[in-house]
Amino acid sequence: MPYVKQVDTFNRINFLASSKVQAFTYQVSDTGVAADARGRKIVKAGTILPANDATAEGILYTDVDVTEGPQPGSLIVEAYVLEERLPVAPAEEAKTALTKITFR
């Protein structure tokens with residue numbers, strides 16, 4: 001008997017305006033992340049971490065699954081970013097805190 005599994009597809013929007021990016025490893029917290037329909041807690045690429053305010057340190061490079069607890073991810077600290085393509089518009093305080101990220 002064959003094993004049949006539904007394959008999920010998704011679109012990942014490119015929010016980078018340039019291929020030159022500086023990113024570092026960052027521990028992505030699972031605090032406050034809601035589970036999706038499949039019970040998975042996913043922090044989306046383009047999320048400003050640790051918060052979209054004056055404490056911002058960078059922008060998450062790829063999706064991170066934090067269902068089982070905090071996980072390492074890649075945090076962009078220097079890049080050109082297309083602001084309108086981010087999942088949530090950056091607050092003015094976050095833009096000020098992210099000194100090496102240029103929003104276009």
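Everything numeric here is computed off the predicted structure, so don't read it as measured data.

Enquirer: I keep staring at the overall build of the protein chain and nothing clicks. Help me out?
Expert: Within the protein chain, the secondary structure is distributed over one helix and seven strands. Along the protein chain, from the amino end to the carboxyl end, the secondary structure elements read β-β-β-β-β-β-α-β. Its C-alpha atoms put the protein chain at 55 × 30 × 20 Å along the principal axes. Looking at the protein chain residue by residue over its 104 residues, the buried ones come to 29%. The contacts of the protein chain with a sequence gap of at least 6 include a subset with a gap of at least 24, amounting to 58%. Accessible surface computed for the protein chain: about 7100 Å², of which carbon and sulfur atoms make up 51%. The distance from the centre of the 11 positive side-chain charges to the centre of the 13 negative ones in the protein chain is 7 Å.

Reading guide: rules and limits
Residues numbered from 1 in each chain as written. Predicted model: local features only at pLDDT ≥ 70, side-chain atom pairs only at ≥ 80, totals over all residues. Heavy atoms only, no water. Helix = DSSP H or I, 4+ residues; strand = E, 2+ residues; numbered from the N terminus. Buried < 20%, exposed > 50% of the residue type's maximum accessible area, 1.4 Å probe, protein only. Contact = heavy atoms within 4.5 Å. Areas by Shrake-Rupley, 256 points an atom, 1.4 Å probe, with all protein chains shown as cover. Lys, Arg positive; Asp, Glu negative; His and termini not counted. Charge placed at Lys NZ, Arg CZ, Asp CG, Glu CD.

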